[in-house]
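Fold and contact review
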Amino acid sequence: MPKIFALVDCNNFYVSCERVFNPKLENKPVVVLSNNDGCVVARSNEIKAMGIPMAGPYFKIKDQLDKVGAAVFSSNYSLYGDMSNRVMNILQTFCQNMEVYSIDEAFLDVSFLNKKDLEEFGRDLVIKIKQYTGIPVCIGFGETKTLAKLANEIAKKDGKNLNQFKGAFSICNQEAKEKYFSEIAVKDIWGIGRMYNKKLQELNVQTVADLISKSDGWIRSNLKLTGLKTIQELRGISCINLDDVNEAKKSIISSRSFGKEVVEYKHLQEAVASFASRVGQKLRKNKTVAGLITVYIMNNRFKEGKAFLSGSICLPTPSNYTPDLIKSSLEILDKIFVKGLKYKKAAVMVTAIQPENSIALNLFENTIQTTHKKAIIMKTFDTINKRFGSNTIQTGRESFDKTWKLKSEHRSRQFSTNWEELLEVV
DNA sequence: TCTGGGGTCCTAGGACCC
DNA sequence: TCTGGGGTCCTAGGACCC
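Here the residue numbers are simple positions, counted from 1 along each chain's written sequence. To label them, take the chains in the order written and letter them from A, then take the ligands in the order written and number them from 1. Residues qualify for local features only when their pLDDT is at least 70, as the model is predicted, and side-chain atom pairs are given and counted only at 80 or more; totals for whole chains, interfaces and linings, by contrast, use all residues. Think of the side-chain values as coming from all heavy atoms in the structure, minus any hydrogens and water.

With that settled, consider the protein's contact with DNA strand B. By nearness alone, 24 residues border DNA strand B, and Ser-34, Ile-253, Ser-255, Ser-257 and Arg-301 come closest of all. One heavy atom within 4 Å of a molecule or strand is enough for the residue carrying it to be called near that molecule or strand. Taken together, the sugar and phosphate atoms account for 70% of what DNA strand B places within 4 Å of the protein. Here a polar contact means two N or O atoms within 3.5 Å. Within protein one must be a hydrogen donor candidate and the other an acceptor candidate, and residues neighboring in sequence count only if both atoms are side-chain atoms. Between DNA strand B and Ser-34, the relevant distance is 2.7 Å, taken from a sugar or linking oxygen to a side-chain nitrogen or oxygen of the residue. One of the backbone N or O atoms of Lys-250 is found 2.9 Å from a phosphate oxygen in DNA strand B. Here the surface near DNA strand B takes six residues from strand 9 (residues 252-262), the largest share from any one element. Think of it as three bins: nonpolar holds Ala, Val, Leu, Ile, Met, Phe, Trp, Tyr, Cys and Pro, charged holds Asp, Glu, Lys and Arg, and polar takes everything else, Gly as well. Considering only residue class, the surface near DNA strand B consists of eight nonpolar, seven polar and nine charged. Numbering goes from the N terminus for both helices and strands, where a helix is a DSSP run of H or I of at least four residues and a strand is a run of E of at least two.

Attention shifts here to the sheet that holds strand 11 (residues 308-319). Pairing is antiparallel across the open sheet formed by four strands, whose spatial order is 9-12-10-11. With one partner strand each, in any of the chains shown, strand 9 and strand 11 form the two edges of the open sheet. Strand-to-strand twist across the sheet, computed as the mean angle between neighbouring axes with direction ignored, equals 15°. The sheet contact formed by strand 10 (residues 288-299) and strand 11 spans eight bridges and is antiparallel. Bridge pairing in strand 11 links Val-295 to Gly-311. Contacts are residue-level and defined by heavy atoms, with any inter-residue pair within 4.5 Å sufficient. Helix axes are fitted to C-alpha atoms over the stretch in contact, other axes to C-alpha atoms as well, and angles between N-to-C directions run from 0 to 180 degrees. Across the face of the sheet, helix 12 (residues 322-336) comes into contact with strand 10, strand 11 and strand 12 (343-355) while running at roughly 150° to strand 11. A pair of strands is considered paired only if DSSP assigns at least 2 bridges between the two.

Below, the discussion takes up the packing of aromatic side chains. Centre distance within 6.5 Å is the pairing criterion for rings of Phe, Tyr and Trp, where only the six-membered ring of Trp is used; planes under 30 degrees apart are then read as stacked, over 60 as edge-to-face, and the remainder as tilted. Counted by the stated rule, this structure contains 14 aromatic pairs. For the ring pair Tyr-77 and Tyr-80, a centre distance of 6.2 Å and an interplane angle of 85° mean the geometry is edge-to-face. Taken together, the residues Tyr-77 and Tyr-80, both in helix 4 (residues 77-94) and three residues apart, mark about one turn of the helix. The buried label goes to any residue with under 20% of its type's maximum accessible area, the exposed label to any with over 50%, and the partly exposed label to all in between, with areas taken from a 1.4 Å probe on protein chains only. A residue is classified by how much of its surface remains accessible, and Tyr-77, at 39% relative accessible area, is partly exposed. An aromatic cluster is present here, built from Phe-13, Tyr-14, Tyr-77 and Tyr-80 joined pairwise through their rings. Placement of a charge over a ring requires the Lys NZ or Arg CZ to be within 6 Å of the ring centre, with the centre-to-atom vector within 35 degrees of the ring normal. Over the ring of Trp-218 we find Lys-214; its NZ or CZ atom is 5.0 Å from the centre of that ring.

Any pair of cysteine sulfurs within 2.5 Å is marked as a disulfide. For the structure shown, the criterion picks out zero disulfides. We note that Cys-10 lacks a disulfide partner, and the nearest cysteine sulfur, in Cys-17, lies 7.4 Å from it. Cysteine Cys-95 shares no disulfide, and the gap to the nearest cysteine sulfur, in Cys-172, comes to 14 Å.

A separate point is the protein's contact with DNA strand C. Around DNA strand C sit 13 residues in total, of which Ser-102, Asp-104, Glu-105, Lys-149 and Tyr-196 are the nearest. Of all DNA strand C atoms lying within 4 Å of any protein atom, the proportion belonging to sugar or phosphate reaches 100%. Note that a phosphate oxygen of DNA strand C is positioned 3.4 Å from one of the backbone N or O atoms of Arg-194. Backbone polar atom of Met-195 to a phosphate oxygen of DNA strand C: 3.2 Å apart, as the coordinates give it. Looking at the surface near DNA strand C element by element, the count peaks at three residues for helix 8 (residues 194-202). Residue classes in the surface near DNA strand C are distributed as six nonpolar, three polar and four charged.

Geometric values such as these leave the question of function open.
Printed below as a string of structure tokens:
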């Protein structure tokens, strides 16, 4: 049976979350900044209309924002995460077969619907989500994920001018394809990024229609295998399946840019230890262990003389035990650290991830008893931090003053996940 | 002064094997 | 002077996504 996918995408998600709890922001220009108040990561329509780009550095556009009295927020991930869960829970009641693709997007397998009913189903969903959560969404329908993405783009653009589709659009019929394929630029296709767009411009390929008329061989040689999959998807041949959400991640990373440059080894150790600890938490949450750990340290990439240092260690036994992860991370740091550099960012990454119940014990280092003991310690650790707030307890290597800590000067309150902060509003 | 963080997949090239 | 040809595995780096 041919498939039909829906892509549900929250409009200007972080901005919309801020507006739910602060309705005065409605119809006003609003931006949300990345960690460290570095870049713009969400823009209201008013900001988009000003031509302010996504991911542009804040310091370059600050004056422009001040001039129009824009509201500026630091990222408030506990708020956005909680709002995201609410939206996803509602979607789940309408469609069990679903993939949460990102914090603000989900693919649904709606092959059970009749093609002519798609937009009506979509509009109903748009209204319900807005009613129950306050978040506006757009929905696109297509025979493949890439087409659903494209349909979603069309619904979004339409919302800014005509609003004839009322948030839901299907590209499952031939007329719609003919009309829009010749209008939409290749850069708006899911899977065509900056570099591929540049290349296509050079080859004078402008629209979706131009692109799908090319031969497979042409696409393969210019856009590689990934590009070929994208084009097949545009032709209606599904190559990208709905992902199993429960599938284990292949890598987990914790990294931060520092609020100011770090020169002291001691501070770098603290940072790396906290990133390792964070990685441990994520592994345990997924009930997984990691076999390989990698540490990166780097200086400011926008200044002269780029330095990027990294090293890896295979753990003797795959682990999610924080002290093990910290010990290995610090060993790596010791090997790669170069004195005299001004460090701007560090990261801890783990790979070779597997389910925790599948570990083959290393005869020399572990017995079932010590593994069990470690698990109990970590469980206690996680429970306390969950109950009383993250970082209530930390390992001794992580320090409590965190001189390298990032900036977050405009964060809104954690209205939906923190009682104390909600009460400040009243 | 100030430029995010967390992922995925693919490819090219090197090391090593017979 | 000649300098194969097939594999595998690993890693770094590039491209993409949100």
